[in-house]
Amino acid sequence: MGTATYTTKPSKWPELLYKNEPEYSEPARKVKQQGTVILAVDVGIDGRPHNIRIVRGLGLGLDEKAIDAVTSWRFRPALSNGRPVAAPITIEVNFRLL
């Protein structure tokens, strides 16, 4: 799917329905890298994330792990005049070692 076109501001933004936590990459675990990956995502009318882009990454494989996790997330699509529409959102994926 290509870049979504947004014609109007949604009356209701996408709502997260399902999420799984990302895995830690081994290189990041070894050096105890922690932080937040910020992703720009288009949520389609199907409630799936499309066109995932890294806004701010951490490297060491964590950016890819964040994208892998978000790819499986599901949303209730945004609504405009009661109809599902594609909408852009920003997602923060946190990586913390316990």
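Residues numbered from 1 in each chain as written. Predicted model: local features only at pLDDT ≥ 70, side-chain atom pairs only at ≥ 80, totals over all residues. Heavy atoms only, no water.

Enquirer: What should I look at first to understand the overall build of the protein chain in this one?
Expert: Regarding its fold elements, the protein chain presents two helices and seven strands. When the helices and strands of the protein chain are placed in sequence order, the string is β-α-β-β-α-β-β-β-β. For the protein chain, the spread of C-alpha atoms along the principal axes amounts to about 50 × 20 × 20 Å. Classification of the 98 residues of the protein chain by burial places 36% in the buried group. Of the contacts made within the protein chain by residues no fewer than 6 positions apart, 73% connect residues no fewer than 24 positions apart. Surface accessibility of the protein chain: about 6100 Å² in total, with carbon and sulfur atoms responsible for 51%. Charge-centre separation for the protein chain: the mean point of 14 positive side chains lies 4 Å from the mean point of 10 negative side chains. (Helix = DSSP H or I, 4+ residues; strand = E, 2+ residues; numbered from the N terminus. Buried < 20%, exposed > 50% of the residue type's maximum accessible area, 1.4 Å probe, protein only. Contact = heavy atoms within 4.5 Å. Areas by Shrake-Rupley, 256 points an atom, 1.4 Å probe, with all protein chains shown as cover. Lys, Arg positive; Asp, Glu negative; His and termini not counted. Charge placed at Lys NZ, Arg CZ, Asp CG, Glu CD.)

Enquirer: Would you take a moment to explain the pattern of salt bridges for this structure?
Expert: Overall, the coordinates contain five salt bridges when judged by the stated rule. Between Arg76 and Glu15 there is a salt bridge; the shortest N-O distance is 3.1 Å. A residue pair is termed long-range when its members are at least 10 positions apart, and Arg76 in strand 4 (residues 74-76) and Glu15 in strand 1 (residues 15-18) qualify at 61 residues. Here Glu23 and Lys65 are joined by a salt bridge, their closest N and O atoms 3.7 Å apart. Highlighted residues: Glu23 in the loop between strand 1 and helix 1 (26-30) and Lys65 in helix 2 (residues 62-71), separated in sequence by 42 residues. (Salt bridge = Lys/Arg side-chain N within 4 Å of Asp/Glu carboxyl O.)

Enquirer: Sorry if this is basic, but what is going on with the nonpolar core here?
Expert: Nonpolar side chains in soluble globular proteins generally cluster together in the buried interior. Counting residues in each nonpolar core, the largest one holds 16 residues, and the members touching the most others are Leu39, Val70, Ile91, Val93 and Phe95. Secondary structure elements with two or more residues in this core: strand 2 (35-43), helix 2 and strand 7 (87-95). For Ile91, the residues in contact, after removing those within four places along its chain, are Val37, Ile38, Leu39, Val41, Val70, Trp73 and Phe75. (Core = buried A, V, L, I, M, F, W, Y, C linked by side-chain atoms within 4.5 Å.)

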